[in-house]
Amino acid sequence: MLNFTVLTTLVKNPFYSTTVSSPLEQFEIRNLLSFDAPILGDINLSLTNIGLYLIIGALIILSLNILATNYNKIGSNNWSIGNESLYATIHSIVVNQINETRGQIYFPFIYTLFIFILVNNLIGMVPYSFASTSHFILTFSLSFSIIVGATILGFQNHGLKFFSLFVPAGCPLGLLPLLVLIEFISYLARAISLGLRLAANIVSGHLLLAILSSFTFNIMCGGVLFAILGLLPLSFIIAFCGLEIGISFIQAQVFVVLTSSYIKDALDLH
């Protein structure tokens, strides 16, 4: 017999708890819906808050593309102009980083990757929402998959010659083993650094906002004078929110720029 269990966190608030005792609590992964199927054995399927917001992000991306295409009008609209601007920006990145001819093959993947990261970054800026890209397990999964794919691409194009990527040009023979080891470790570290860079920037920004917001709230609750004095840090928080939105765009761009660079290394062995 199937057993459905809705956790109390979903009843209280399906998105986020309004009482935050720690700045790190906003990154906690919670089960929202648990599904037990004894017929299938010891299998437990659950919907977590990160899974919910990834679904929301996918729906937003789909909705934005539908609005951008706008089949009912021949002319362009604001959504289509914005989408075309993103398209042109990512296309120029791919062409400049990889190649004008071969880069076209990988453009759909790079563009989808950029939109996915950007939308999830911006969702995390909504109050009481959840920042999916703040979790290293998600960003590492993306970066690890990209490095594995680039490695497979390199072997497909060059075979064993792909290992020449780890040999620096003009390297003295005596230093060759050491430098090859360093280059190999550096290549493996890409799978960690690519995802860690994105997650660390998102986490640090959200932590700073949470700390400053709590500090400002405590000041403004101290009376009329303190409420007036609290307007200064409040204005700083508003300005920092704008900076965080800009960082959301920048980190998505940095991620696809490095991804394009790694693909270029696999194709050209540079």
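Residues numbered from 1 in each chain as written. Predicted model: local features only at pLDDT ≥ 70, side-chain atom pairs only at ≥ 80, totals over all residues. Heavy atoms only, no water.

Per an unreviewed UniProt entry, the recorded name for the chain is ATP synthase subunit a, and the organism is Pyronema omphalodes. Annotation of the chain in UniProt includes, under Subcellular location (unreviewed entry), the sentence "Mitochondrion inner membrane". Heading Sequence similarities (unreviewed entry) of the UniProt record for the chain holds this comment: "Belongs to the ATPase A chain family." (UniProt positions renumbered as here; feature names shortened; annotations may be inferred.)

Caption draft 1: Quick look at the overall build of the chain. Of regular secondary structure, the chain possesses 8 helices and 3 strands. Ordered by position from N to C terminus, the α and β elements of the chain give β-α-β-β-α-α-α-α-α-α-α. Expressed as a percentage of the 270 residues in the chain, the buried residues total 33%. A separation of at least 24 residues holds for 69% of the contacts in the chain among residues at least 6 apart in sequence. Carbon and sulfur atoms form 72% of the exposed surface of the chain, whose accessible area is close to 15700 Å². (Helix = DSSP H or I, 4+ residues; strand = E, 2+ residues; numbered from the N terminus. Buried < 20%, exposed > 50% of the residue type's maximum accessible area, 1.4 Å probe, protein only. Contact = heavy atoms within 4.5 Å. Areas by Shrake-Rupley, 256 points an atom, 1.4 Å probe, with all protein chains shown as cover.)

Caption draft 2: Structural view of the pattern of salt bridges. Applying the stated rule across the entire model yields 4 salt bridges. Here Arg-30 ties to Glu-28 by a salt bridge, and the two come within 3.7 Å at their closest N and O atoms. The partly exposed category is assigned to Glu-28, whose relative accessible area is 39%. In this structure, Asp-268 engages Lys-264 in a salt bridge whose closest nitrogen and oxygen atoms are separated by 3.0 Å. (Salt bridge = Lys/Arg side-chain N within 4 Å of Asp/Glu carboxyl O.)

Caption draft 3: Broad picture of the UniProt feature "transmembrane region" (unreviewed entry) in the chain. Taken from the UniProt record, the annotation "transmembrane region" (unreviewed entry) applies to residues 50–68, 105–130, 136–155, 162–187, 207–229 and 236–263. End C-alpha atoms of residues 105–130 are separated by 33 Å, and the span's content is 73% helix alongside 0% strand. This span, residues 236–263, is 100% helix and 0% strand, and a straight line between its end C-alpha atoms measures 40 Å.

Caption draft 4: Examining the side chain of Thr-139 more closely. Mapped onto the secondary structure, Thr-139 falls in helix 5 (residues 136–158). A distance of 3.2 Å separates the side chain of Thr-139 from the backbone oxygen of Phe-136, its partner in a polar contact. Excluding anything up to four places from it in sequence, Thr-139 contacts Thr-133, Gly-195, Leu-198 and Ala-199. (Polar contact = N/O pair within 3.5 Å; in protein donor to acceptor, adjacent residues only side chain to side chain.)

Caption draft 5: Spotlight on a nonpolar patch on the surface. Judged by side-chain polarity, Val-224, Ile-228, Leu-231, Leu-234 and Ile-238 come together as a nonpolar surface patch covering roughly 490 Å² of accessible area. Contributing elements (two or more residues each) for the nonpolar patch: helix 7 (224–229) and helix 8 (231–268). For the nonpolar patch, the leading source of residues is helix 8, giving 3 residues. Owing to a relative accessible area of 68%, Val-224 belongs among the exposed residues under this scheme. (Patch = residues over 30% accessible without salt bridge, like charges linked within 9 Å, V, L, I, M, F, W, Y side chains within 5 Å.)

Caption draft 6: Summary view of the packing of aromatic side chains. If you walk through the whole model with that rule in mind, you get 14 aromatic pairs. Look at Phe-163 and Phe-166: their rings are 6.4 Å apart centre to centre, the planes differ by 50°, and that puts the pair in the tilted class. Residue Phe-166 is classed as buried on the basis of its relative accessible area of 6%. Between Phe-166 and Tyr-187, the ring centres sit 5.4 Å apart and the planes meet at 80°, which makes this aromatic pair edge-to-face. (Phe/Tyr/Trp six-rings, centres within 6.5 Å; stacked < 30°, edge-to-face > 60°.)

Caption draft 7: Expanded view of the packing of helix 3 (residues 78–97) against helix 8. Taken N-terminus to C-terminus, the directions of helix 3 and helix 8 make an angle of 30°; their axes are 9 Å apart at the nearest point. In terms of orientation, helix 3 lies roughly parallel with respect to helix 8. Here helix 3 runs over helix 8; the crossing is right-handed. Seen from helix 3, the contacting residues are Ile-90, Ile-93, Val-94 and Gln-97; seen from helix 8, they are Gln-253, Val-256, Val-257, Ser-260, Ser-261 and Lys-264. (Axes fitted to C-alpha atoms, helices over the stretch in contact; angles between N-to-C directions. Parallel < 35°, antiparallel > 145°, perpendicular 65-115°, else oblique. Left-handed = near helix turned anticlockwise from the far one by under 90°.)

Caption draft 8: Main features of the nonpolar core. One finds Ile-90, Phe-114, Phe-255, Val-256 and Ile-263 to be the most contacted residues of the largest nonpolar core, which totals 40 residues. Of all elements in the fold, only helix 2 (49–69), helix 3, helix 4 (103–123), helix 5, helix 6 (176–220) and helix 8 reach the threshold of two or more residues within this core. With 11 residues, the top contributor of residues to this core is helix 4. (Core = buried A, V, L, I, M, F, W, Y, C linked by side-chain atoms within 4.5 Å.)

Caption draft 9: Examining the confidence of the model for the chain more closely. For the chain, the mean per-residue pLDDT works out to 82, and 85% of the residues sit at or above 70. Taken as a whole, residues 1–20 scores under 50 in pLDDT and shows 39 contacts with residues more than four places along the chain or in a different chain. (pLDDT = per-residue confidence, 0-100.)

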